[in-house]
Structures are given as C-alpha cells and as structure tokens.
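# Inside the fold
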Amino acid sequence: MVVGVVLAGLAWAGVAVPAGATSEQPTLPTASAFYRSPVPAHTLALIPPGTVLRQRTVDVPWLGSSSLEVRATQLLYRTTTELGAPAVTVTTVLQDPLARLAPVRIVSWQMFYDALGAECDPSYTLRGGNPGYGDAQEEEDLMTPYLLAGDTLVVSDYEGEDLAWGAGQQSGYQTLDGIRAAEAALGVPERTTPVAMVGYSGGSIATDWAAELAPAYAPGLDLVGAAMGGVPVDYAHNLAYINGSPDWSGVIPAILVGVARAFGVPLAPYLSSYGAKVIAQVQDGCINSFVGNYPGLTIQSLLKPQYQDFLQVPVFASIVNELIMGTDGTPRLPILLANGNSDGTGDGVMVAADVEALAHRDCAAGLPVTFLEERGLDHTEAAVPFELAAFPTIEGWLAGLPPVNGCGAVGTGNALTPLPAGTVPPAPPVGSVRSADLTTVAERGQGQVVAEGLRRGVAATLEGTGALTLADFAPDRDPVGPTDFPSTGQFFSVALASGSQASAVDLVACGPGRPSGLRWWDPAAAGGRGAWEVVSGAAIGVRPPAGLPGQGCLSVRLGPGSSPSLSALTAEGASTGTVFGVVGTTPSPVPAGGPSVRGTARGDLAVALGGLGLALHLGLGLQRS
C-alpha cells in the first residue's frame, strides 16, 4: 500500500514510470571504464577537486520496482584521499523533473553502505546491482520523501575507489567534492545553492567529517545544515563497546581493513593466523556479509601475541586519534545529532555519551544543535525516529527557516581524549629492503601500470608494458646521502623491472613543504661516491594547493632525454631502484638516516605511520577495463 502511494506520487511528480520496464544488470565498477580516470595521475593532480571528468545518464529502478525507474545522472569527479592524494569517485544525482523548474535545493545523502567491495557502491546498487544487498532499497524508501518535496539528491561513493570504510577525512572530502561536481553538472552557483547533508550510521561518518572539513576544504558551498544519527565518534570507545559482542563484533575486522587501506598500513605483520583468515573473508564484502557472522570475536583474536594491546601500538593509536570526530575543524552550520540507547551505554555499537559530547562541542562553538537520545532503542530501531526528525528539519533548513537550538538540553557527554602515543613496537615493514624504513609493492601490466599511494600524495604511471615498483622511505630519512638542497623530507624510489618497455614514467608528489622540484641520487657521480643531481630534461609542473591548505603538488614526466633516463630506472639486481628527493621551499638539510619530529598533528601521525608525503604502502593497480 505504501509503495503504491509512493509510486503514484512519483508519477504525478513527473518521474518516468514506463510500463513493464526492466533494467539490465549494471556493470561492476571494477569492470567499468566509467569509473576509471580519463587522465593520467600526473594530470589528475593538477585538476581542482570536484571537477567532473565523466558524465552519463542512467535509470534507477526505484524501490526495487521493475515498473518504476527514476532518471539519474552519474558523474565521475576528481577528489582527495585520506592523506591528500588525488583520486576519483562517482556520485549519483537524482532529480524530479519538475524540480528543475524551481530553484535547486540539494540534499547530500550519505548512504550507510559500509563496504569493502565495489559491489556495495551506491552508484552500483542504486542501479539494481547486487540485488541481494538490501540496504540500498531501504535507503531509497527513506530518500523518497525528499524527491517528492522537490529536492535534488546527491548520493556519492564517498568511501572512494579503495573502499576505505571508516576513513573520516576521506569520506568528508569525497562527500564535499560530490556536491561540487553535482552543482557543476546542474549549472547552479555554489555560493547560493542551499545544501543540506544527512547520514545515518556509516553515512554519519561522511556527514560529520564533511561538516568539519568544509570551512577549509570547500568554503564556497552554501551548507545549511547537517543531520547525523548513529554516530561513531571515537573508535577507541566503539571498540571497547563491541569487542566480543554477539552481533556487532563482526564490524571490527572490516573497519580494520578500511582504515588500513586509507592510511596505507599493511596488516599482515600484525595478524594472527586466525586474523589473516578473517580479514581475507571480509575484505571484499558488504556489511551484511560480516555483521552477526562472527559472534564473540575480539580484536585480540585477530592479532599476534605481541600486539594484543592493540591501542598501545603507535600506528593504530595514531590512526584512532586522527579519526576522533571534532578534531579537524569546526562546522559552521546547524546540527542535528541522534543516537539510540538500548542498554545504558548506547545502541549496541555507537556510544550515546560520545554523540552527546560531539553535540556539546558544537554547542560550545556557538552552533545551533539538537541532540536526540532515543532511549530503549538499538542501532537499527533508532534509525526510524532519526529519519522522522531529519526530514522536517532538513526541509526547514533548505527553506531558510531559523534553526532550532536545543543546546540548553545537551550535557557534556564523555571525554573524547586522544590515546597516548603507544609503547608497543610497530611491526617491521612488509617488503623491506636496504632500510627498515622502506616499503615496496610492485605489479606488472600493459598499457598503463599505475601506482597510486594510499598515503599523502604520490602516484607513478608507467606508459608501456612491464612492472613498476614504487617505494617510500620514512619521513626525513634520506637513504643515500646528506641533502645539499632544501628538502621537504620526502624520499622515494622508482624501479622498472628488467625487460619493461616504457615510453614515459609520470610521477606526482603532493604534500606539505610546498614541493618545488626533484633531485635524484646518481651513484656514479662524484667519482663513484654518489651525489644528488637535478632532474632535468623532463616535463616538470608545480601547482599551488588545491583544496588542502599548506600543501602543493609536483608533477614530473621522465622520458627520452631526461635525467635520470628511463634505463637508469631499470633495477637490474638493485633492490631499491633510483632514489628521488623532493625539493621544498623551506631548507631543511637532512643527515643520512637522521630522524626528525614534526610539530603538527598530521605530521606526528605521518611519523608514527612511517612515511609523510609519499606512499608507505602502495595500492598498485592496473587500469580496469
């Protein structure tokens, strides 16, 4: 009955309802050229975030009905990873045709797709892909009132190409860039087009971080409010709450995979044999494949004996601290926060007092905030009152009505205190060669072999056929000789496998220190003692920061006539390849192997993770067809 009313309403609103229409099963994102950047990595770094790179029109079978399809636009756009590297992802723009006659009002809807595999991407499931995954249809039910109200829905694959579930900043960047891409495609102005954001559970991660990051990352957007329910504010508290639980403990290995992808941390050195087995089982799944399937699972069961105190391992403590909500900027918009409380602590997975603490922080910043604690309701049950409260609240924001301020009823909540740095020694890097601070990954392919760093900002592309290895040294650890140039502290190496046939190798390095040039270590120089040489005969480009304050990007194309030559990159019997150092605008001579400590929060995190600026652990992948 309800579905019938909705179908009639959509038909009245002008959405196409073709009789007897059927939809073909869409192509998986991993097999579709639409999801692949049409430009090489060195060019992508020069394109502003939010730029539309591809566009197509698709039909979305609404509410699982083969007789109702909503016409939508999908956009591939340039965005940013957790650690600042350029990337692409897709957003789906849904609009009632009649809404085009009125001023555009956007609702950025962050789905709770909670996924590690591309078959869970909203751009795929909304089109009828993975029909056994019910969350997409459930959220279509919840989105329908907004379409009927004349809103334009923007639904982004905010976890990104690498499906980095739980990576807060990445989810926020890619949400904001999805909005910018949609506005560009719709031809509406950023500064005067009202946008409200909403997300429950996993969708609340993207929504909160987008709200926090927007003032610095996307200040031109007219964000009028953010509604979040079932919010994981502090992962340390969530872990303690669900560790060993009968239902939600299955989330633990999945989140571990997601954030490890985002921060470029190889998990294998830390995992027990059981942990390796579980990680292999969840690493490509959607949330319905692991929630409830590992009753009683603990984080300790996944780890080797020396890493049982998980939050005392510096790399993991640093990641958890980096992902505490409220630590990366102050929103400048009205806020609605909600959480269930079924057991006196939370809704079974999210901690109610943590969410109240986030509300208290926003209240202290002078924001109008409403906090709803749904007593007696678990995580699934609490979604209903949240959505019922969110819809009129969001419509009010979009209409320009004064926001409700409930700060007088908000308590202080829990203390959201960062973890201590940790005392357990980290695992040695995987693939380490020549230095304990070096990690390498290599793969072989044809046409283009693309190595894109999961950490702040390196990408390398081999044009041709063969294998490319890209390796990163820990920050400020010069692996070859003292620098005689102003250094950003970023050192990496590139090697082509013997027999590779390359016409060019493109390198992109993004990060702090305003990179302005590149040096390479010539072991034959200075009478065989080796020396740093200027990279010459190569196309070199430098661009100012795009979306990330205090950073810049350097792009270099090595080819015929460049120094170093492509033949110099061939690692015949050499394990590290040709070593490069990034030139920065601020001199910082580095003694060979000498460590230094950075003062910013992200710098400290990068030191803990073992590699600021370039990829510690590289996601090396072939272009997908």
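Thresholds applied
Here the residue numbers are simple positions, counted from 1 along each chain's written sequence. Owing to the predicted nature of the model, reporting of local features is limited to residues with pLDDT of at least 70; listing and counting of side-chain atom pairs is limited to 80 or more, with chain, interface and lining totals taken over all residues. Hydrogens and water are ignored here; the side-chain numbers use all heavy atoms of the structure. In summary, the pairing rule links any two rings of Phe, Tyr or Trp, Trp by its six-membered ring, whose centres are within 6.5 Å, and it sorts them by plane angle into stacked for under 30 degrees, edge-to-face for over 60 and tilted for everything else. Relative accessibility thresholds used throughout: buried, under 20% of the residue-type maximum; exposed, over 50%; partly exposed, between the two (1.4 Å probe, protein chains only). Strands here are runs of E lasting at least two residues and helices are runs of H or I lasting at least four, both read from the DSSP assignment and numbered beginning at the N terminus. The criterion is that NZ of a Lys, or CZ of an Arg, lies within 6 Å of the ring centre and within 35 degrees of the ring normal, and then a charge sits over that ring. Strands pair, by our definition, only if DSSP identifies at least two bridges between them. Handedness of a crossover: with both strands directed away from the viewer, a clockwise path from the first strand across the helix to the second marks it as right-handed. Axes, fitted as lines to C-alpha atoms, cover a helix only where it is in contact. Angles between the N-to-C directions of the axes lie from 0 to 180 degrees. An angle below 35 degrees is read as roughly parallel, one above 145 as roughly antiparallel, one from 65 to 115 as roughly perpendicular, and any other as oblique. In what follows, a contact means two residues having at least one pair of non-hydrogen atoms within 4.5 Å. The nonpolar class holds Ala, Val, Leu, Ile, Met, Phe, Trp, Tyr, Cys and Pro. Asp, Glu, Lys and Arg form the charged class, and all remaining residues, Gly among them, are polar. Disulfides are defined in this document as cysteine sulfur pairs within 2.5 Å.

Bringing the packing of aromatic side chains into the picture now. Tallying each qualifying case throughout the model produces 14 aromatic pairs. When the ring of Phe34 is compared with that of Tyr35, the centres are 5.9 Å apart and the planes differ by 85 degrees; the resulting orientation is edge-to-face. No difference in accessibility class separates Phe34 from Tyr35, as the two residues are buried. Relative to Trp532, the ring of Trp521 lies with its centre 5.4 Å away and its plane at 75 degrees, an arrangement referred to as edge-to-face. Residue Trp521 is located in strand S14 (residues 515-522), and its partner Trp532 is located in strand S15 (residues 531-534); the two are separated by 11 residues in the primary sequence. Side by side, Trp521 and Trp532 carry an identical accessibility label, which is buried. Taken together, the ring pairs connect Tyr270, Tyr307, Phe310 and Phe316 into an aromatic cluster. Looking at Arg56, its charged tip hangs above the ring of Phe34, at a distance of 4.0 Å from the centre. For Arg180, the ring lying beneath its charged end belongs to Tyr217, and the centroid distance is 4.9 Å.

Turning our eyes to something else, we now look at the pairing of strand S9 (residues 369-375). Within a regular strand, side chains alternate between the sheet's two faces. The pairing of strand S8 (residues 335-341) with S9 spans seven bridges and is classified as parallel. Within S9, the position partnered with Leu336 by the bridge is Thr370. Crossover S8 to S9 through helix H12 (residues 352-364) is right-handed.

This part takes up the packing of helix H8 (residues 251-263) against helix H9 (residues 273-282). Helix-helix packing is characterised by the crossing angle of the two axes and by the distance between the axes. Where H8 contacts H9, the axes come no closer than 9 Å and their chain directions differ by 75 degrees. Judged on the interaxial angle alone, H9 and H8 are roughly perpendicular. Here Pro253, Ala254, Leu256 and Val257 of H8 come into contact with H9, specifically with Val278, Ile279 and Val282. Counted by class, the contact of H8 with H9 contains seven nonpolar, no polar and no charged residues.

A full pass over the atoms with the stated rule returns two disulfides. What pairs with Cys120 in a disulfide is Cys286, and their sulfur atoms sit 1.9 Å apart. On the S-S bond that ties Cys120 to Cys286, the torsion sits near -95 degrees, and the link is left-handed. Here Cys120 is found in the loop between strand S4 (106-110) and helix H3 (122-125), whereas its partner Cys286 is found in the loop between H9 and helix H10 (299-302), with 166 residues between them in sequence. Judged by relative accessible area, which is 0%, Cys120 ranks as buried. Given a relative accessible area of 4%, Cys286 falls into the buried group. Here Cys363 connects covalently by a disulfide to Cys407, the sulfurs 2.1 Å from one another.

Interpretation note: all reported values are geometric properties and have no functional meaning in isolation.
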